[in-house]
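Structural overview for review
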Amino acid sequence: MSDTMHETMNDRTPVIELKHVDKHFGSLHVLKDINLSVQKGEVVVIIGPSGSGKSTLCRTINRLETIDSGEILIEGTKMPQEGKELARLRAQIGMVFQSFNLFAHKTIIDNVILGPMDVLKKSKKEAKEEAMQLLSRVGVDSQANKVPAQLSGGQQQRVAIARALAMHPKAILFDEPTSALDPEMIGEVLDVMTKLAREGMTMLVVTHEMNFARRVASRVIFMDGGSIVEENTPEEFFNHPKSQRAQDFLNSIQAH
Amino acid sequence: MGIKELLSQYGDQYIQALFTTWKLTAFSFAIAFVIGVAVTVMRISPVQPLRVFAEIYIQIFRNIPGASLLMLLVYALPYLDVLLSYFVCVLIAASLIPSAFCSEYLMAGINTIGTGQIEAARSLGLSFMQIIRRVVIPQALRSSVLPLTNLLVSTMLTTALASQVPMNPRDLTGLVAHINTHAVGGVTAFLISALLYCATAVVIGQVGNMIDRKVRILR
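Description of the structure in this document.

Thresholds, definitions, all that
Along every chain, residues carry numbers that run from 1 in the direction the sequence is written. Labels follow written order: the first chain is A, the first ligand is 1, and so on. pLDDT decides what is reported in this predicted model: residues at 70 or higher carry local features, side-chain atom pairs at 80 or more are listed and counted, and totals for whole chains, interfaces and linings draw on all residues regardless. For side-chain calculations, the full set of non-hydrogen atoms in the structure is used, while hydrogens and water are omitted. Per the convention used, a helix needs a DSSP run of H or I reaching at least four residues, while a strand needs a run of E reaching at least two, with both numbered from the N terminus. Just to be clear, the radius of gyration here is over C-alpha atoms, and the globule rule we use is 2.2 Å times residues to the power 0.38. Relative accessible area decides the class of each residue, using a 1.4 Å probe on protein chains only: under 20% of the type maximum gives buried, over 50% gives exposed, and in between gives partly exposed. Charge assignment in this entry is limited to Lys and Arg as positive and Asp and Glu as negative, and neither His nor the chain termini are counted. Working definition for charges: the position is that of NZ of Lys, CZ of Arg, CG of Asp or CD of Glu. Strands are treated as partners if at least two bridges between them are detected by DSSP. The contact criterion used throughout is that any non-hydrogen atoms of two residues lie within 4.5 Å. Convention adopted: a line fitted to C-alpha atoms gives each axis, helices being fitted over their contacting stretch, and angles between N-to-C directions are expressed from 0 to 180 degrees. By nonpolar core is meant a set of buried Ala, Val, Leu, Ile, Met, Phe, Trp, Tyr and Cys residues that side-chain atoms within 4.5 Å join together. Under the rule applied, a polar contact is a pair of N or O atoms within 3.5 Å (in protein, one hydrogen donor and one hydrogen acceptor; residues adjacent in sequence only if both atoms are side-chain atoms). An angle below 35 degrees is read as roughly parallel, one above 145 as roughly antiparallel, one from 65 to 115 as roughly perpendicular, and any other as oblique. Crossings are assigned a handedness: left-handed for a near helix turned anticlockwise from the far helix by less than a right angle, right-handed for a clockwise turn. Amino acid classes used here: Ala, Val, Leu, Ile, Met, Phe, Trp, Tyr, Cys and Pro are nonpolar; Asp, Glu, Lys and Arg are charged; the rest, including Gly, are polar. Exposure above 30% relative accessible area and no salt bridge define the residues that can form patches, which grow by joining like charges within 9 Å and nonpolar side chains of Val, Leu, Ile, Met, Phe, Trp and Tyr within 5 Å. We get accessible surface area from the Shrake-Rupley algorithm with a probe of 1.4 Å; when it comes to residues, only the shown protein chains can shield them. Put simply, a salt bridge is a Lys or Arg side-chain nitrogen that is within 4 Å of an Asp or Glu carboxyl oxygen. By buried area we mean the combined loss of accessible area, with a 1.4 Å probe, across both parts when two parts are placed together.

Of regular secondary structure, chain A possesses 10 helices and 10 strands. A globule of 256 residues ought to have a C-alpha radius of gyration of about 18 Å, and chain A, at 18 Å, matches this closely. In terms of principal-axis extent, the alpha carbons of chain A reach across some 55 × 50 × 45 Å. When burial is assessed residue by residue, chain A has 56% of its 256 residues classed as buried. With 30 positive and 33 negative side-chain charges, chain A shows a spacing of 5 Å between the two charge centroids.

Attention now goes to the environment of L6 of chain B. Residues and elements named next belong to chain B. Residue position: L6 is located in helix α1 (residues 3-43). Residue L6 is classed as buried on the basis of its relative accessible area, which comes to 0%. Placed 186 residues apart in sequence, L6 and I192 show a C-alpha to C-alpha distance of 9.2 Å.

Residues and elements named next belong to chain A. Spatially, β2-β1-β4-β5 is the arrangement adopted by the four strands of the open sheet, whose pairing is antiparallel. Looking along the sheet, the strands with just one partner apiece sit at the ends: β2 (28-38) and β5 (77-78). Of the strand pairs in this sheet, strand β4 (residues 69-74) and β5 are connected by two bridges, and their pairing is antiparallel. Considered in β5, the bridge of I74 is made with T77. Sheet strands in contact with helix α2 (residues 54-61) are β1 (16-25), β2 and β4, and its direction is about 120° off that of β1.

Attention now goes to unusual backbone geometry. The step from N168 of chain B to P169 of chain B runs through a cis peptide bond, and the omega angle for that step is 0°. Relative to the helices and strands, P169 of chain B resides in the loop between α7 (145-158) and α8 (172-182). One non-glycine residue, E176 of chain A, lies in positive phi territory at about 45°. Judged by its relative accessible area of 11%, E176 of chain A is buried.

Another point: the sheet that holds strand β7 (residues 171-175) of chain A. Residues and elements named next belong to chain A. What the six strands build is an open sheet, ordered β6-β7-β8-β3-β9-β10; its pairing is mixed. For this open sheet the edge positions go to β6 (93-96) and β10 (227-232), each flanked by a neighbour on one side alone. The sheet shows a mean angle of 20° between the axes of neighbouring strands, direction not considered. Relative to β7, β6 runs parallel, the two being bridged by four bridges. Bridge assignment links V96 to a residue of β7, and that residue is F174. Relative to strand β9 (residues 219-224), helix α10 (residues 244-254) is tilted by about 95°, and along the sheet it contacts β3 (43-47), β9 and β10.

Attention shifts here to the nonpolar core. Core analysis: the largest hydrophobic core is formed by 53 residues, its most contacted members being I16, L18, I34, L36, L57, L173 and L204 of chain A. Of the residues forming this core, the biggest block, six residues, is contributed by helix α6 (residues 128-142) of chain B. Excluding residues within four positions of it along the chain, L57 of chain A makes contact with L18, L31, I34, L36, I46 and M223 of chain A. In this structure, V96, A131, V140 and I186 of chain A belong to the second largest nonpolar core, which totals 51 residues.

A separate point is the side chain of D224 of chain A. Residues and elements named next belong to chain A. Inspection of the secondary structure assignment puts D224 in strand β9. Within polar-contact distance, the side chain of D224 engages the side chain of R245 at 3.5 Å. Look past the residues within four positions of D224 in its chain and what remains in contact with it is P49, S52, V229 and R245.

Residue and element names in this part refer to chain B. Running from N to C, α1 and helix α4 (residues 86-111) point in directions that differ by 45°, and their axes come no closer than 6 Å. Between α1 and α4, the interaxial angle falls into the category oblique. α1 and α4 meet at a crossing whose hand is right-handed. Within the contact of α1 with α4, the residues separate by chemical class into 18 nonpolar, six polar and three charged.

All names here are of chain B. A cluster of nonpolar side chains, I3, L7, L191 and L195, forms an exposed patch at the surface whose accessible area comes to about 360 Å². Relative to the helices and strands, L191 resides in helix α9 (residues 186-215). Using a relative accessible area of 44% as the deciding quantity, one classes L191 as partly exposed.

The partner chain B presents 19 residues to the 26 residues of chain A that form the contact. When the buried area of chain A at its contact with chain B is split by residue, F103, H105 and D118 of chain A rank highest and sum to 29% of it. Linking chain A with chain B are two salt bridges, by the criterion used here. Salt-bridge contacts for D118 of chain A lead to R134 of chain B; the nearest nitrogen and oxygen are separated by 2.6 Å. In this assembly, chain A and chain B are joined by eight residue pairs in polar contact (both at pLDDT 80 or more).

Take the pairing of β4 of chain A next. Regular strands place side chains that alternate from one sheet face to the opposite one. Residues and elements named next belong to chain A. Across five bridges, β1 lies against β4 in antiparallel orientation. Bridge pairing in β4 places L18 opposite I72. Joining the antiparallel neighbours β4 and β5 is a turn of two residues, in which E75 adopts a positive phi near 45°.

This is the structure in structure tokens:
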């Protein structure tokens, strides 16, 4: 009985929660009173015009950007300012960047095992075995011994996803993961992300890929001018946007 | 004195001087490298006093003439009751100056690493020192092989400072000075040691190129 109670309580604690988060870049108010929670297994997609603060929001969650006020909680634990505790929490939240950011001097497999070995203290053998499984899951296992520069953008981004997965994260943040890719490679990365979402990975995705948002998102968040303007299911958001700003945005991207 | 005469009379001493120069060069470069890496880590550390200290260190040893530094070590330190052998004085001077340049080259190497890679390492939960050890230093080293090769050559040339003090055994330049005060070696005495410096530098350069080709990071 108490187990069930415990489970229920755990289920209600969001994996990621932002409360009244504010941030300025100099005089520019980039995040205005952001409140957002992501539950386990949810795929939350953030869209909005450039400069709306969506990437900044994504980056505050693992504190690659600091915040001025408010708080950010990872499974109910407040994100600390610095130190070991920050590193520990960061290790639980994966991040996939627009520009892949693979370690240029390391082979693909070594990119994937660095975190598990140095942070999770796994043995090299164990880390390698798992890394190979992950690489085959994202379809780049044949490239394991190459260096990043020898791979296409799409392949590099899939390695970056494998690198994030190797940490067994509670959630993965995707900061415009397909924006730096040639059109023919966007699909292969979105496919991997879709598969992850279907397998129940908790994801927060900043993207311009509206079809991905439509098909995969549990919730769509529309940001403009540093605020969350609208938050809804993808069907509701794309078919019946409530705010004028969301309507204008959707019209502008569907115009061509 | 002709080349033949010089060699027959001082040949052994040239060999010994060459080894002394090599020894000074190797030790100085090793020390310079270790200090250079340490100072570089301080320069990029989040601890401000360390950064300030490192910047001051760089400014001093990048800008002080080697001869002045050596004179300070030889003539000023004894006033502080620190008496070092001439060899150690030369070693220190020939280490500290290159160490500042070593750090400058490493910083240039670090600047080629995108901030994105550092952010990726941070988001994996790596600590500052882990990021330095696993991501920053390896890449900085691999992209500064050629400048560090040049630094090794210039460290060797810096060790010619030894000729300014009565060090025993003598280095290559010290030997020339010695020959020219005892006999009329003239330009030829210089020529022989110059050739030995050159030959060493050529070998260093070739090895440096080889290492660079092997470890250069594809981008």
